Amino acid sequence: MALKIKQIGPCFVGEVNDIDLTKPLLADDVAAVHTGMDEYAVLVFRGRKLDNDQHLAFTRQLGPIEQAIGTSLRAATDYRLTTDFADVSNLDKEEKPFARDDRRRLFAIGNQLWHSDSSFKATPAKYSLLHAHSIPSKGGNTEFADMRAAYDALDDDMKRQVEGLICEHSQLYSRGKIGFSDFTDEERERFKSVRQVLLRTHPVTGRKSLYLSSHAGSIQGWPVPEANIFLQNLLEHATQRRFVYAHEWRVGDLLMWDNRQTMHRARPFPVEERRDMRRTTLAGDGPTVP
Ligand code: OGA
Ligand code: MN
């Protein structure tokens, strides 16, 4: 059965209503979700109230998942959720918001920079599925930008320039941009950089997209400052409002986005309020650099 999808963003983002995420999906439904993702790049399922098991079961029907191990500053003994989930909340194990100056919080607010999930891993993420369990009284939107539309809008000279470029991505680079640099030797080793192409081609639709992320900190063969200016200019181009959808969360919303075709960022919210967001992540097919 084809899903009914209503476009709600400027050039992407579809809202899906006629699918029950708590039940096993038919093969046709799974195919329709992927087709919807290929076209809209972000799908919005409103007001679903899934528990962790249901969230995970829905995700696993779409493909193999990525584990969230060692990607944040939470110690393994400090995890609030199992490693099937990226804990995108601002909560400690006791469900209390992190203090303003907590290192784990200051690292996590790097999510407020435009990025693509796990672009700092050799095999970066395919889809992310983020579910809202509790939301703050104000702020805390998530914004998405369409990297296909951004690529299409480049002039021919820029399209030629991005072809074949390879960037180095690391969480050390994104955190460096917000002045967070007090990493231990173990963390520096754990967060060492990986290579990613700057121009991706979608395996099904053949559409080209800019593979940008704040984790990108250099371009192979380029002087570092020149690379960072070049990437910053591209990022400004790619995040013009005409390419952006802002999601105002309600409890129970599930958003699924394709990290190969979009960037996203969290927006600020009051530090003392709870924002409980849990993410599963579908693994990518392999490295982007041969
Ligand atoms: C994420 C992420 C943004 C947000 O889940 O990967 O970046 O608004 N989330 O919490
Ligand atoms: Mn993210």
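Before any of the text, the structure's been laid out above.
A brief look at the structure comes next. Since the structure is predicted, the reported quantities are computational estimates derived from the model, not experimental observations. (Residues numbered from 1 in each chain as written. Chains lettered and ligands numbered in written order. Predicted model: local features only at pLDDT ≥ 70, side-chain atom pairs only at ≥ 80, totals over all residues. Heavy atoms only, no water.)

1. Structural notes on the overall build of the protein chain
Phase 1 of the analysis: Each helix and strand counted, the protein chain has eight helices and 15 strands in total.
Phase 2 of the analysis: Relative to the compact-globule value of 19 Å for 290 residues, the protein chain shows a C-alpha radius of gyration of 18 Å, a close match.
Phase 3 of the analysis: When its C-alpha atoms are laid out on the principal axes, the protein chain stretches across 50 × 45 × 35 Å.
Phase 4 of the analysis: For the protein chain, the proportion of its 290 residues judged to be buried stands at 55%.
Phase 5 of the analysis: For the protein chain, the proportion of contacts with a sequence separation of at least 24, taken over those separated by at least 6, is 82%.
Phase 6 of the analysis: Per element, the accessible surface of the protein chain, about 12,900 Å² overall, is 52% carbon and sulfur. (Helix = DSSP H or I, 4+ residues; strand = E, 2+ residues; numbered from the N terminus. Rg over C-alpha atoms; globule rule 2.2 N^0.38 Å. Buried < 20%, exposed > 50% of the residue type's maximum accessible area, 1.4 Å probe, protein only. Contact = heavy atoms within 4.5 Å. Areas by Shrake-Rupley, 256 points an atom, 1.4 Å probe, with all protein chains shown as cover.)

2. Topic: the nonpolar core
Phase 1 of the analysis: Ranked by internal contacts, the top residues of the largest apolar core, which has 26 residues, are Met 147, Val 162, Leu 198, Leu 210, Leu 212, Phe 230 and Leu 234.
Phase 2 of the analysis: Put simply, the parts of the chain that give this core at least two residues each are helix H4 (147–152), helix H5 (156–162), strand S11 (216–219) and helix H8 (224–238).
Phase 3 of the analysis: Per element, the largest residue contribution to this core is six residues, and it comes from H8.
Phase 4 of the analysis: In this structure Leu 210 touches Met 147, Ala 150, Tyr 151, Leu 154, Val 162, Leu 198 and Leu 234, once residues within four positions along its chain are discounted. (Core = buried A, V, L, I, M, F, W, Y, C linked by side-chain atoms within 4.5 Å.)

3. With respect to unusual backbone geometry
Phase 1 of the analysis: In the Ramachandran plot, Val 13 falls in the positive-phi region, its phi being about 75° despite a non-glycine side chain.
Phase 2 of the analysis: Structurally, the position occupied by Val 13 is in the loop between strand S1 (5–7) and strand S2 (14–16).
Phase 3 of the analysis: Val 13 sits in the buried class, given a relative accessible area of 0%.
Phase 4 of the analysis: For Ser 118, which is not glycine, the phi dihedral falls at a positive 60°.

4. A few points about the packing of aromatic side chains
Phase 1 of the analysis: One pass over the structure, following the stated rule, counts eight aromatic pairs.
Phase 2 of the analysis: Measuring from centroid to centroid gives 5.9 Å for Phe 183 and Phe 191, while their planes differ by 80°, and the two rings are edge-to-face. A single burial state applies to Phe 183 and to Phe 191, both of which are buried.
Phase 3 of the analysis: Every member of this aromatic cluster is reached through a ring pair, and the members are Phe 107, Phe 180, Phe 183 and Phe 191. (Phe/Tyr/Trp six-rings, centres within 6.5 Å; stacked < 30°, edge-to-face > 60°.)

5. What to know about the sheet that holds strand S12 (residues 244–247)
Phase 1 of the analysis: One open sheet holds the three strands; their spatial order is S12-S6-S14, and the pairing between them is antiparallel. The sheet is open, and its two borders are formed by S12 and strand S14 (262–266), each paired with just one other strand. Strand after strand, the sheet turns through a mean of 20° between neighbouring axes, direction not considered.
Phase 2 of the analysis: Pairing between strand S6 (residues 142–146) and S12: four bridges, direction antiparallel. Following the sheet pairing, Phe 144 is matched in S12 by Tyr 245. (Pairing = 2+ DSSP bridges. Axes fitted to C-alpha atoms, helices over the stretch in contact; angles between N-to-C directions.)

6. As for the coordination of the manganese ion (ligand 2)
Phase 1 of the analysis: Looking at the manganese ion (ligand 2), the protein donor atoms are His 115 (NE2), Asp 117 (OD) and His 264 (NE2), and they sit 2.1 Å from it.
Phase 2 of the analysis: The sequence pattern describing where the donors of the manganese ion (ligand 2) fall on their chain is H-x1-D-x146-H. Of this pair, His 115 sits in the loop between helix H3 (103–108) and strand S5 (125–134) while His 264 sits in strand S14, placing them 149 residues apart in sequence. As far as the burial class goes, His 115 and His 264 line up, both buried. (Donors = N, O, S within 2.8 Å, 3.2 Å for Na, K, Ca; no water.)

7. With respect to the environment of Ala 125
Phase 1 of the analysis: In this fold, Ala 125 is placed in strand S5.
Phase 2 of the analysis: Judged by its relative accessible area of 1%, Ala 125 falls in the buried class.
Phase 3 of the analysis: With 122 residues separating them in the primary sequence, Ala 125 and Leu 3 have C-alpha atoms 24 Å apart.
Phase 4 of the analysis: Those residues in contact with Ala 125 that lie beyond four places of it in its chain are Glu 66, Asp 117, Ser 118, Asn 259, Arg 260, Thr 281, Leu 282 and Gly 284.

8. Describing the site of ligand 1
Phase 1 of the analysis: Surrounding ligand 1, one finds Val 88, Asn 111, His 115, Asp 117, Leu 130, Thr 142, Trp 257, His 264, Ala 266, Arg 275 and Arg 279.
Phase 2 of the analysis: Within the side chain of Asp 117, an N or O atom sits 2.9 Å from an oxygen atom of ligand 1.
Phase 3 of the analysis: Contact distances for ligand 1 include 2.8 Å between an oxygen atom and a side-chain N or O atom of Arg 275.
Phase 4 of the analysis: Alone, ligand 1 offers 290 Å² of accessible surface; in the complex the protein occludes 99% of this. (Near = heavy atom within 4 Å. Polar contact = N/O pair within 3.5 Å; in protein donor to acceptor, adjacent residues only side chain to side chain.)

9. A closer look at H8
Phase 1 of the analysis: For H8, built from 15 residues, the straight-helix expectation of 21 Å at 1.5 Å per residue is met to within 8% by its first-to-last C-alpha distance of 21 Å.
Phase 2 of the analysis: Among all positions in H8, only Ala 227, Phe 230, Leu 231, Leu 234, Leu 235, His 237 and Ala 238 are buried. Looking straight down H8, one finds that the buried residues subtend no more than 160° of arc, so they occupy a single side. Turned more than 90 degrees away from the buried face of H8 sit Pro 225 and Ile 229, all of them exposed. (Expected span 1.5 Å × (residues − 1). Arc of directions from axis to C-beta.)

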